[in-house]
Amino acid sequence: MVGSALRGRTIVMSGGSRGIGLAILVAAAREGANAVLLAKTDTPDARLPGTVHTAVSAIAAAGGHAVGVIGDVRDEADVERAVATAVERFGGVDICINNAGAINKAGTLELPLKRFDLMQQVNVRGTYLLTRACLPHLRQSDHAHVLSLSPPLNLAPHWLGQFPAYTMSKYAMTLLTLGWAAEFAANKIASDCLWPQTRIATAVIGMLGGPDALARSRSPEIMADAAVHLLAQSPTAGTGRTLLDVEVLAAAGVTDFAKYGGGTDPTLDLYVDPPGESLSGTTDIDTERKWIER
């Protein structure tokens, strides 16, 4: 899809042992990219298939070169070790992908403080740590890109009021990423956010929502195709963007998303308003009720 723009480029990613992260690395491997993934999953989990080791095998099977680093994105030493591994094995870092995340959609009174802390540490601290560690090497690359899997800043009360702690952590990822776009514009380091328009069919969705939820979810490959297309662009093509997967693919000429599954009415992801409707600002209660009942 993108020719050889990613050939020989090195990606450092948090997470990536399964789901969207792994799909991105496999798609990038088909384009000739190298990968270092920092993840905690060393041994199999009966509930959630996939480990760092199986991810490395999948990337290799796709034609890429990968190294798995067992570690925690919250730990500075682990993050520095992952970045050092990329430099030692592949000679540098061209792309930093903030993929690891923690989610808990509980309201304020129901969310324990330790779960609050976990989301802030993984989503915010982890994003800051990994990007900060990559930046000295990104500044030496002629194809530098930071990509965070975080949402557009939808300030609709509908979204702000549902699970403020999780929303704050994901919006903080976006704000950091937009901040880096401005801070390092002179260094030609692109920094963007990518988010799915619809729910994505991952193992977690299947475990929590069952077959019906999976049937109305698109495959991780839609995010992978969008990410690879975005990362193949020159850093001067744009920066400081919050993009949905379908927006990136539409700009690349893709008009039919049926191959990604989800049926005729896939479930929209968090922070994405229904097409033709807006839940931002002052919202008509009937419109909001319609959205909640979808």
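Look a little higher up for the structure.
So, a few notes on the structure that sits alongside this text. Since the structure is predicted, the reported quantities are computational estimates derived from the model, not experimental observations.

1. Regarding the overall build of the protein chain
Within the protein chain, the secondary structure is distributed over 10 helices and seven strands. Relative to a compact globule of 294 residues, whose C-alpha radius of gyration would be 19 Å, the protein chain shows 18 Å and is just as compact. Taking the principal axes of the C-alpha coordinates as reference, the protein chain spans close to 55 × 45 × 40 Å. Classification of the 294 residues of the protein chain by burial places 54% in the buried group. Total accessible area computed for the protein chain in this model is approximately 13,100 Å², and 54% of it derives from carbon and sulfur atoms. Counting 25 positive and 29 negative side-chain charges, the protein chain places the centres of these two groups 3 Å from one another.

2. Here's the deal with the pattern of salt bridges
Applying the stated rule across the entire model yields seven salt bridges. In this structure, Arg9 engages Asp142 in a salt bridge whose closest nitrogen and oxygen atoms are separated by 2.7 Å. Here Asp142 lies in the loop between helix 4 (113-138) and strand 5 (145-148) and Arg9 lies in the segment before strand 1 (10-14), a separation of 133 residues in the sequence. By relative accessible area, which is 60% here, Asp142 ends up exposed. Across the pair Arg74 and Asp72 runs a salt bridge, and its minimum N-O distance is 2.7 Å. Its relative accessible area of 15% is what places Asp72 among the buried residues.

3. Topic: the sheet that holds strand 2 (residues 34-39)
Pairing between the strands of a sheet comes from backbone hydrogen bonds, and it takes one of two forms, parallel or antiparallel. If you trace the seven strands from one edge of the open sheet to the other, you get 3-2-1-4-5-6-7, paired in parallel fashion. A strand with exactly one partner marks an edge of an open sheet, and here the two such strands are strand 3 (65-70) and strand 7 (242-244). The mean angle between the axes of side-by-side strands here comes to 20 degrees, regardless of whether they run parallel or antiparallel. Taken together, the three bridges between strand 1 and strand 4 (residues 95-98) define a ladder with parallel strand orientation.

4. What about helix 7 (residues 203-215)?
Counted at 1.5 Å a residue, the expected span for helix 7 with its 13 residues is 18 Å, but the 13 Å between its end C-alpha atoms falls short. Along helix 7, the sharpest kink reaches roughly 130 degrees, centred on Gly209 and followed within four residues by the proline Pro211. Inspection of helix 7 places Ile205, Gly210 and Ala213 among the buried residues, and these make up the whole buried set.

5. What about helix 4?
Here helix 4 contains 26 residues, and its C-alpha end-to-end distance of 35 Å stays within 8% of the 38 Å for a straight helix at 1.5 Å per residue. Maximum bend of helix 4: about 35 degrees, positioned at Arg125.

6. Looking at the pairing of strand 3
Examined bridge by bridge, strand 2 and strand 3 share six bridges and lie parallel to one another. Within strand 3, the position partnered with Leu38 by the bridge is Val69. Assessed by its sense of winding, the connection that carries the chain from strand 2 through helix 2 (residues 52-61) to strand 3 is right-handed.

Definitions and limits used
Residues numbered from 1 in each chain as written. Predicted model: local features only at pLDDT ≥ 70, side-chain atom pairs only at ≥ 80, totals over all residues. Heavy atoms only, no water. Helix = DSSP H or I, 4+ residues; strand = E, 2+ residues; numbered from the N terminus. Rg over C-alpha atoms; globule rule 2.2 N^0.38 Å. Buried < 20%, exposed > 50% of the residue type's maximum accessible area, 1.4 Å probe, protein only. Areas by Shrake-Rupley, 256 points an atom, 1.4 Å probe, with all protein chains shown as cover. Lys, Arg positive; Asp, Glu negative; His and termini not counted. Charge placed at Lys NZ, Arg CZ, Asp CG, Glu CD. Salt bridge = Lys/Arg side-chain N within 4 Å of Asp/Glu carboxyl O. Pairing = 2+ DSSP bridges. Axes fitted to C-alpha atoms, helices over the stretch in contact; angles between N-to-C directions. Expected span 1.5 Å × (residues − 1). Bend = angle between axes of the 7 residues up to and from the residue. Right-handed = clockwise from strand over helix to strand, strands pointing away.

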